[in-house]
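# Observations on the three-dimensional arrangement
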Amino acid sequence: MVHVLSSRTLLRPTDPERSRAFYGEQLGLSVYREFGTGPERGTVYFLGGGFLEVAGRADTPPSPALKLWLQVPDVAAAHEELSAAGVEVRRPPVKEPWGLIEMWIADPDGTEIVLVEVPADHPLRYRPGI
C-alpha cells in the first residue's frame, strides 16, 4: 500500500506570472513555498488539506476536464471579496439541489474553480448515527 504523506495539484499555466497574480493576489492563497528563479519559477500555495503548485509553462491551457474544488466557510463573503478583487464570477452563489452552496470562477487559462460552502446541517459535515 502507498503511504501518502502529502499531495498537491500541479498546474502548468500558459502565462505563469498572470497565474501567480491570480492565485496569490486575486484569490489570496497563502504561499507554502517558492523555488527556482525567473518567470517559470515555482510557487506552491496552500489549499486547505492540499497544495496547488504553479510552475513551468505550457503551450496550451490545461484540459477543460481539470477542475478545482475549494471549500470555503462562507461563499457569499468569498463572492464579495473576489468580485472586489476583479475576479470574474462565472456563476454567483447558488444552493444546489444536493444542498451545497456553490459559486464558479476560472483562472486566467480558463481552469474552472468551484468554491463550495458546506452548510452545518449537510451530510458531508454531520451524519447522525455514524
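Below you will find a few notes about this structure.

Parameters at a glance
Residues numbered from 1 in each chain as written. Predicted model: local features only at pLDDT ≥ 70, side-chain atom pairs only at ≥ 80, totals over all residues. Heavy atoms only, no water. Pairing = 2+ DSSP bridges. Helix = DSSP H or I, 4+ residues; strand = E, 2+ residues; numbered from the N terminus. Axes fitted to C-alpha atoms, helices over the stretch in contact; angles between N-to-C directions. Salt bridge = Lys/Arg side-chain N within 4 Å of Asp/Glu carboxyl O. Buried < 20%, exposed > 50% of the residue type's maximum accessible area, 1.4 Å probe, protein only. Arc of directions from axis to C-beta.

Here we have four strands laid out as an open sheet, ordered 5-8-7-6, and mixed in their pairing. This sheet does not close on itself; its edge strands, each paired only once, are strand 5 (67–71) and strand 6 (89–95). Sheet twist, expressed as the average angle between the axes of neighbouring strands with direction ignored, equals 15°. In the sheet, strand 6 pairs with strand 7 (residues 101–106) via four bridges, with the strands oriented antiparallel. Bridging from a neighbouring strand, Arg91 pairs with Trp104 of strand 7.

What follows deals with the pattern of salt bridges. Summed over all chains, the structure comprises nine salt bridges. Between Arg41 and Glu17 there is a salt bridge, with its nearest N and O atoms 2.9 Å apart. On the criterion of sequence distance, the pair formed by Arg41 in the loop between strand 2 (31–35) and strand 3 (42–47) and Glu17 in helix 1 (residues 16–26) is long-range, its members being 24 residues apart. Accessibility expressed as a relative area gives 36% for Glu17, which makes it partly exposed. When the shortest N-O distance is used, the salt bridge between Glu112 and Arg90 registers 3.6 Å. Highlighted residues: Glu112 in strand 8 (residues 112–117) and Arg90 in strand 6, separated in sequence by 22 residues.

Bringing helix 1 into the picture now. Every buried residue belonging to helix 1 is among Pro16, Ser19, Arg20, Phe22 and Tyr23, and all of these are buried. Angular distribution of buried residues about the axis of helix 1 spans 160°; they occupy a single face of the element. Gly28 lies just past helix 1 and shows a positive phi near 75°.

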